[in-house]
Amino acid sequence: CSSHVGHIFVLLDQLLKKNALAVMSVDLGSESMKIAIVKPGVPMEIVLNKESQRKTPVTVALKENERLFGDSAMGMSIKNPKIALRYFQDLLGKHIDNPQVTLYRWRFPQHELVKDERRQTVIFKLSHEMQYSPEEILAMVLNYSRGLAEEFAEQPVKDAVITVPVYFNQAERRAVLHAAQMADLKVLQLINDNTAVALNYGVFRRKDINATVQNIMFYDMGAGNTVCTIVTYQTVKTKDSGTQPQLQIRGVGFDRTLGGLEMEYRLRDYLVKLFNKQQPSKDVRQNLRAMAKLLKEANRLKTILSANADHVAQIEGLLDDVDFKAKVSRQEFEDLCSDLFQRVPGPVLQALSSAEMNLDEIDQVILVGGATRVPKVQEVLLKAVDKDELGKNINADEAAAMGAVYQAAALSKAFKVKPFIVRDAAIFPIQVEFTREVEEEDKSKSLKHNKRILFQRMAPYPQRKVITFNRYTDDFEFCVNYGDLAFLSQDDLQAFGSLNLTTVKLRGVGDSFRKHLDYESKGIKAHFNMDESGVLSLDRVESVFETVVEDKPEEESTLTSKYTVLLPKYIWVLKSTLSGSCVPLFKIFVASVMVLQIDLFIYPGVASLTQDPKEKEESGKEEEMSKSRGDSTDTKMEEKKPKVPKKQKLVDEISVELDVRDVLDLLEEELKSSVKKLQDLTVRDLEKQEREKSANSLEAFIFETQDKLYQEEYQFVSTEEQREEISRKLSEASNWMEEEGYRATTKELKEKLSELKKLCRSLFFRVEERRKWPDRLNALENLLNHSTIFLKGARMIPEADQIFTEVELSTLEKAISETVTWKNETLAEQNKLPPTEKPTLLSKDIELKIAALDREVQYLLNKAKFAKPRPKKERIPQKLIQARMPQLPPTARRLSLPRRRKEKVRHTQDRQVLL
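First things first, this report covers the structure right here in the doc. (Residues numbered from 1 in each chain as written. Predicted model: local features only at pLDDT ≥ 70, side-chain atom pairs only at ≥ 80, totals over all residues. Heavy atoms only, no water.)

Each aromatic ring pair is specified by the distance between its two centres and by the angle formed by the two planes. The full count for this structure, using the stated rule, is 29 aromatic pairs. An angle of 25 degrees between the planes, with centres 5.9 Å apart, marks the rings of Tyr87 and Phe108 as stacked. Placement of the pair is Tyr87 in the loop between strand S7 (84–86) and helix H3 (99–107) and Phe108 in the loop between H3 and strand S8 (113–115), with a sequence separation of 21 residues. Neither Tyr87 nor Phe108 differs from the other in exposure class; each is buried. Counting every residue linked through ring pairs, the aromatic cluster contains Tyr167, Phe168, Phe254, Phe428, Tyr482, Phe487 and Phe496. Across the ring face of Trp736, the terminal group of Lys752 is positioned such that the distance to the ring centre comes to 5.0 Å. (Phe/Tyr/Trp six-rings, centres within 6.5 Å; stacked < 30°, edge-to-face > 60°. Helix = DSSP H or I, 4+ residues; strand = E, 2+ residues; numbered from the N terminus. Buried < 20%, exposed > 50% of the residue type's maximum accessible area, 1.4 Å probe, protein only. Lys NZ or Arg CZ within 6 Å of the ring centre and 35° of its normal.)

Spelled out as structure tokens, the structure:
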């Protein structure tokens, strides 16, 4: 039975692993990412990376034979800047002529960017063989983040919610989805990072949200960008779950390039000038490693100057073994970034404009993002929002990750969370444009360009929309483009990319009309959907027709006709034969006939038979009143309810051809090629890790065993010849590792380790056995003592109270005797053997003896624990005892009772000792 139970638990464990319940979120920042998970028993938790840090740098180092991520890749960015890729999210969904690509080339001149000829996008070229798109680099990061989440959750993780900047357009969002598909991640939602922050804020303040509107402004300045968001919190009534809290994105403003990274570049360039001034004969700009060191020092300097008035920047061996040291004050830093600080209020004004609100309506301003810790940023922002103070009551680094993982749990079917309604907003309007032929007054024909708004600016999503084209009877095409983007600056508009999304060509419209000439056309309907990720798609296009269908009278069924004809006769018979006591039976009959859809009340006899006398009078009065009004009522009722003609609807599916106009999607072959490329890299990394693990294990075994040969306990159980043989083999393996180990395969390393372990197995076994003997023998001795005492106590129980049988006690006695005999004989035999021989006293045998004896004792203890006391004999009353003992003197009567009590107490104490 126990084996079956164990098998069931194994199957359950496999089932849980197959159907993983954990979900994760990835907050993809410009500089670093935060990962959070939810799994059964762990509500919401930030995942620690391999260095036990709560955030991981978004950096990938691509060497010829391995990949590095996180802090390891950051270290490589100093040693070899060409192979370390950072801040590549700005290149997602961008053509190579985009200003963002130009800015990236200026910031990171060490990287070679080439053009994808088909898609006109960017490709990182590290060598002729190593070329990767930004989507593939992001897929590597997402796959690495999933590995960290699975290691932390101790189970597979496949479902994820990923944060993206709110200003990501359709091309950029599709690029992130392509990257997740390459990483084999199921994206539950792409959530805007500002929405995730707002959700995290609301979830932990659910009790403070009520019907009163609260307007909160979140100002998020990170490493690469700045976003300002106005969010409205209030409770609303829902059909399914009653009154629930809701957040609605009311206004958004952003600056794509305003962030901590730009401040660091200003500091880096300042340090470059100081070094070149100190060393006029050298130009640090020509050395990529030196420039990378200066950028790292600028990052550290910016952080320290946020809390100190000045600090000394210093780098050892910056260039040609020349050290660099310079003092920088906070005032100098603020002067370098003065134009950046002037841009701080810009996103606030944009957000207020898009929300059509003013500052007086904002209840609180809350800081988010690492760059908001710069004192000058807070000073300028506080002045811009005209508030007493800025809110800092939220985790600026982890708020987005925690909000996103809450949304992941809400979207997952494995968890049930408290509802929190999220109404996100699309900040870029989208419209449909088409051209049709119109006839002018002079009967000449011209083309008219039409625009229809599909999604307005700040329109909530997810949402479905339908556009109807009424004047087309043949194949045509229309365009889906962005709407009016006048609210963007000229720089943002250039970085935005193409304003045209898709050209939709419809085929089969004319054929559909020719097939349905007798039908009235209701137009060509295009069904659009903007999903939870803010990605727009065209679900279908259909041609809708309608016609009027004659309403044919329904023929009565045979059963209905029969009962309608015979009903007056039945009523007459029942009325003349039934007595008053049978009226309930007749009512049952009437109800049953009503089920057959026969209107009984058209026959006056039924009404008169089933009504009471008072009801008859009232009905008679009503009939007279109706007669006095005349017979015109029926005619009026007929006029009021004219028959509505029935309409039949017919829908024809129209074939659609999509021509993407912004950034071309990956072809199926390209996607499969990228997936295979990444899988090969993953397999290569795993094989390399396995080889390194095997090499480290072999090397560690050699050094540890060589050290053990000189320890006293190992020398005691081995001969000089045995130790020399082991030492010789270890030396040979060490020399092999130095000469040939670097090119040995994983299999060869494992075989070498197995050979050495087999050689040392008997030595290690003798040492391990002698280490276990004291504890095992002591446990056996203690059990023998307690078992013997237990047996003696059990045999002392009086026969009247005995709960154990003689067979049970004899079995225990036999087990004790056999165990003592085995212990004495085995110890005597072991003492005769030299310590270098295989021992006869084995720890596993001692454990088996302990288990067997303990099983017998436990059986008897459990029996004593649950044994029911035997029924006592009926006690004779004290007066009756005295009446039956008249011949005893008073002294004897006084002494007889205490003696019995004493004997009873003694028996009770014996039983308590036994238990």
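A few words now on the sheet that holds strand S5 (residues 59–62). The three strands lie next to each other as S6-S5-S7, forming an open sheet whose pairing is antiparallel. Each of the sheet's edge strands pairs with one partner strand only, and the pair in question is strand S6 (67–69) and S7. In this sheet, adjacent strand axes meet at a mean angle of 20 degrees when their direction is disregarded. Pairing of S5 with S6 involves three bridges; the strand directions are antiparallel. Bridge assignment links Val60 to a residue of S6, and that residue is Phe69. Against the sheet, helix H4 (residues 134–153) engages S5, S6 and S7, with an angle of about 110 degrees to S5. (Pairing = 2+ DSSP bridges. Axes fitted to C-alpha atoms, helices over the stretch in contact; angles between N-to-C directions. Contact = heavy atoms within 4.5 Å.)

This part covers empty space enclosed by the protein. With the rule as written, the count across this model stands at seven cavities of 30 Å³ or more. Considering only enclosed or pocket space, the largest cavity measures out at about 120 Å³ in volume. As for the largest cavity, its lining consists of 15 residues, of which Phe168, Gln170, Arg173, Ala426 and Ile427 are closest to the centre. Among the elements of the structure, helix H5 (170–182) and strand S19 (421–426) are those that each provide at least two residues to the lining of the largest cavity. (1 Å grid on protein atoms, 1.4 Å probe; cavity = no way out; pocket = protein on both sides within 12 Å on 5 of 7 lines; lining within 4 Å. Points joined across faces, edges and corners; volume = space filled by probe spheres on them.)

Along the chain, the position of Ser674 falls in helix H21 (residues 668–708). Looking at Ser674, the relative accessible area reads 7%, which means it is buried. Ignoring anything within four residues of it in the chain, the contact list for Ser674 reads Glu136 and Met182.

This part takes up a negative patch on the surface. Residues Glu699, Glu738, Glu739, Glu740, Glu748 and Glu751 make up a contiguous surface patch of negative charge. Listed by contribution, the elements that provide at least two residues to the negative patch are helix H23 (720–739) and helix H24 (746–795). One can find Glu738 in helix H23. Looking at Glu738, the relative accessible area reads 62%, which means it is exposed. (Patch = residues over 30% accessible without salt bridge, like charges linked within 9 Å, V, L, I, M, F, W, Y side chains within 5 Å. Areas by Shrake-Rupley, 256 points an atom, 1.4 Å probe, with all protein chains shown as cover. Salt bridge = Lys/Arg side-chain N within 4 Å of Asp/Glu carboxyl O. Lys, Arg positive; Asp, Glu negative; His and termini not counted. Charge placed at Lys NZ, Arg CZ, Asp CG, Glu CD.)

A few words now on the sheet that holds strand S29 (residues 655–660). Where strands meet in a sheet, backbone hydrogen bonds hold them as pairs that are either parallel or antiparallel. Spatially, S21-S20-S24-S25-S29 is the arrangement adopted by the five strands of the open sheet, whose pairing is antiparallel. For this open sheet the edge positions go to strand S21 (445–455) and S29, each flanked by a neighbour on one side alone. When strand polarity is set aside, the average angle formed by the axes of neighbouring strands in this sheet is 25 degrees. Pairing between strand S24 (residues 477–482) and strand S25 (residues 500–507): five bridges, direction antiparallel. Each residue of the ladder has a partner; that of Glu477, found in S25, is Lys505.

Turning our eyes to something else, we now look at the packing of helix H2 (residues 70–79) against helix H8 (residues 288–305). Contact geometry of H2 with H8 gives a least axis separation of 7 Å together with a crossing angle of 130 degrees. In this view, H2 runs oblique relative to H8, as classed from their interaxial angle. Contacts between H2 and H8 involve Ser77, Ile78 and Lys79 on the former and, on the latter, Arg289, Ala292, Lys293 and Lys296. Per-class residue counts for the contact of H2 with H8 are two nonpolar, one polar and four charged. (Parallel < 35°, antiparallel > 145°, perpendicular 65-115°, else oblique. Nonpolar A, V, L, I, M, F, W, Y, C, P; charged D, E, K, R; others polar.)

Residues Leu142, Phe218, Tyr233, Phe469, Phe478 and Phe528 are the most contacted members of the largest nonpolar core, which totals 132 residues. It is H4 that contributes the most residues to this core, ten residues altogether. Ignoring any residue separated from it by four or fewer positions in sequence, one finds Phe478 in contact with Val432, Glu433, Phe434, Phe469, Thr502, Thr503, Val504, Leu506, Ala526 and Phe528. (Core = buried A, V, L, I, M, F, W, Y, C linked by side-chain atoms within 4.5 Å.)

Moving on, we get to the environment of Ser30. Position of Ser30 among the secondary structure elements: in the loop between strand S1 (23–28) and strand S2 (32–39). Accessibility expressed as a relative area gives 19% for Ser30, which makes it buried. Taking the C-alpha atoms as reference, Ser30 lies 6.9 Å from Gln89; in sequence the two are 59 residues apart. Other than its neighbours up to four places away in sequence, Ser30 contacts Tyr87, Gln89, Ala223, Gly224 and Asn225.

A word on the pattern of salt bridges. The tally for this structure, following the rule as stated, stands at 45 salt bridges. With its nearest N and O atoms 3.7 Å apart, the salt bridge here joins Glu262 to Arg266. Here Glu262 and its partner Arg266 are both found in helix H7 (residues 260–278), four residues apart, which amounts to about one turn of the helix. Residue Glu262 is classed as buried on the basis of its relative accessible area of 12%. Here Lys282 ties to Asp320 by a salt bridge, and the two come within 3.3 Å at their closest N and O atoms. Separated by 38 residues along the polypeptide, Lys282 in the loop between H7 and H8 and Asp320 in the loop between strand S16 (310–319) and strand S17 (322–329) bring together distant segments of the chain.

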